[in-house]
Amino acid sequence: MDTLSKDVIVRKYLSFLHRAEKHDISWKKAAVFVGGEKRLERLIAEGRIRYHKPDGASNTMWRFNFADIVNNARPVSELTRFPIDDPRMRPALASFGVGCTTFEL
């Protein structure tokens, strides 16, 4: 994969994180993204995930910052097994709209 493609991927990721800063998600969804409730509790204790519990009823839900959750998400093993330049990664990259020949000049 050429440098331009990697640059585009990084810019898209940073743009996504910037937009995710404005959104909150629930406990259950946060646990799914980070890889389980125990890991979520550990990340909260370490201060790596911002959260708040809205005032009001005693049964209101905890809300977690979506950008922090994405930053601490556990990687999917099928996507991290191979280097990004490996031909076996082409289908995964293509599913995100990035191909090895997409940005050729």
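Quantities reported herein were computed from a predicted structural model and do not represent experimental measurements. (Residues numbered from 1 in each chain as written. Predicted model: local features only at pLDDT ≥ 70, side-chain atom pairs only at ≥ 80, totals over all residues. Heavy atoms only, no water.)

1. Structural notes on the side chain of Asp68
Short version of the rule: We count a stretch as a helix when DSSP gives it H or I for four or more residues in a row; a strand needs E for two or more, and each element gets its number in order from the N terminus. Between two residues, a contact is recorded if the distance between any of their heavy atoms is within 4.5 Å.
Counting through the fold element by element, Asp68 comes out in helix α4 (residues 66-71). Excluding anything up to four places from it in sequence, Asp68 contacts Arg48, Ile49 and Arg50.

2. Considering the confidence of the model for the protein chain
Low pLDDT means the predicted coordinates in that region are not meant to be read closely. Put simply, the rule reads: pLDDT is defined as a per-residue confidence score from the predictor, taking values between 0 and 100.
When the pLDDT values of the protein chain are averaged, the result is 83; 86% of them are 70 or greater. The least confident element of the protein chain is helix α5 (residues 77-80), whose mean pLDDT is 73; the most confident is helix α3 (residues 37-46), at 95.

3. What to know about the pattern of salt bridges
Stated precisely, the cut-off is as follows: Any carboxyl oxygen of Asp or Glu within 4 Å of a side-chain nitrogen of Lys or Arg constitutes a salt bridge here.
Here the structure, examined in full by the defined rule, presents five salt bridges. A salt bridge links Arg50 to Asp68, with the nearest nitrogen and oxygen atoms 2.8 Å apart. A residue pair is termed long-range when its members are at least 10 positions apart, and Arg50 in the loop between α3 and β2 (51-52) and Asp68 in helix α4 qualify at 18 residues. Bridged by salt links that share partners, the residues Glu21, Arg50 and Asp68 form one connected network.

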